[in-house]
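# Overview (structure and organization)
Spelled out, the chains give:
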Amino acid sequence: MIQDIYPKHLDNHYEPYKPAGKDTIFCFEGSEILAKDNGESELIYPVYEEFASKTSDAEYKYIYLFSIDDDRFFLAMGNCNKVLIEGYYFYGVNLFRKAKPKDRAFAAITAFHLYNWYKDNIFCGRCGKAMVHDGRERMMRCECCRNMVYPKICPAVIVAVTNNDKILLTKYAGRTYTNYALIAGFTEIGETIEETVHREVMEEVQIRVKNLTYYKSQPWALSGSLLTGFFCEVDGDDYIHIDEDELSLGTWVEAKDLDLEDDGISLTREMILEFKRRVSNA
């Protein structure tokens, strides 16, 4: 999956570092990131000395994000669409699904998660005053009402519903992502993760499930969520009634008909292939 970058290691401990030299700078504008495509699906991001040569430090606020081994990454907060560095353009963050190397793709999409959090917490949600970054930890605080806000992580589930040698695959309604997916959804207030599984499956396809087993988890920056993967079995009637507001398709697919390759990115793809492996080895 996208976060599997071993033997490299992401260290997300916050320190009030200042950028210098070859430190990588992530500059976002909406859902696009400033980068250079080398023609081999490898996105290259500007380093500080390159970025600073075309901008004024007074125009941007640099925030230390994390490091991967000895490489440090910073976020440039400001009017990034004014940045003009030869060879660099803005690319949609969805390109991370194909970008190489994987550790850089993971760094960029994790930075996007933090960028959205910083952007959404410029002002205090309690009293409306400007927020400031705490100097000791990754936290925004209000010096007026003492409100403290930490990065938002939303719990969610990915559910592989199985029916003997078949798995339930879906396609989203009204989205640009058109590949097969699994049932997914966010956990609601006062709900356990297991209850989320039962509710989401019932809401989206009107099927009851049993024998829930945990598989793996994955941080998914595009939705600011932590995904929890479950396998479960259909309980009773297996007829699919899709929620057309959420899905354009819901279908049972036999393991032998699953013609997919591991993309090394998503929990969804890994779980589908794990189901195929289990059936093949049964």
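See the structure printed just above.
Presented here is an overview of the structure given in this document. (Residues numbered from 1 in each chain as written. Predicted model: local features only at pLDDT ≥ 70, side-chain atom pairs only at ≥ 80, totals over all residues. Heavy atoms only, no water.)

## With respect to the layout of surface pockets
The criterion, for reference: Grid points spaced at 1 Å over the protein atoms alone were grouped into cavities, where a 1.4 Å probe fits but cannot get out, and pockets, open sets with protein on both sides within 12 Å along at least five of seven lines, with lining residues defined by an atom within 4 Å of a point. Grid points are joined across faces, edges and corners, and a volume is the space filled by probe spheres set on the points. Starting at the N terminus, helices and strands are each numbered in turn, a helix being any DSSP run of H or I of at least four residues and a strand any DSSP run of E of at least two.
Taken as a whole, the second largest pocket encloses approximately 460 Å³ of empty space. Of all the secondary-structure elements, those providing two or more residues to the lining of the second largest pocket are strand S6 (61–68), helix H2 (102–120), strand S15 (209–220) and strand S16 (225–234). It is H2 that provides the largest number of residues to the lining of the second largest pocket, a total of five residues.

## Observations concerning the pattern of salt bridges
The cut-off we apply is this: The rule for a salt bridge is simple: a side-chain nitrogen of Lys or Arg has to be within 4 Å of a carboxyl oxygen of Asp or Glu.
On inspection of all chains with the given rule, the structure shows 14 salt bridges. Residues Arg199 and Glu203 are paired through a salt bridge, measuring 3.2 Å at the closest nitrogen-oxygen approach. Pair noted here: Arg199 and Glu203 are both in helix H3 (residues 193–205), with a separation of four residues, about one helical turn. Residues Glu254 and Lys256 are paired through a salt bridge, measuring 3.6 Å at the closest nitrogen-oxygen approach.

## Observations concerning the nonpolar core
Let me state the cut-off plainly: The nonpolar core is taken to be a set of buried Ala, Val, Leu, Ile, Met, Phe, Trp, Tyr and Cys residues, with the residues joined through side-chain atoms within 4.5 Å. Burial classes follow relative accessibility: with a 1.4 Å probe on protein chains only, a residue under 20% of its type's maximum area counts as buried, one over 50% as exposed, and anything between as partly exposed. Contact between two residues is taken to exist if any of their heavy atoms lie within 4.5 Å; hydrogens are not considered.
Counting 74 residues, the largest nonpolar core has Phe26, Phe28 and Val201 as its most contacted members. Looking at this core, the element that brings in the most residues is H2, giving 11 residues. Val201 has contacts with Val159, Val161, Ile183, Gln206, Ile207 and Val209, leaving out every residue within four places of it along the chain. Core analysis: the next-biggest nonpolar cluster, separate from the first, contains 15 residues, Tyr14, Cys27, Tyr62 and Cys80 among them.

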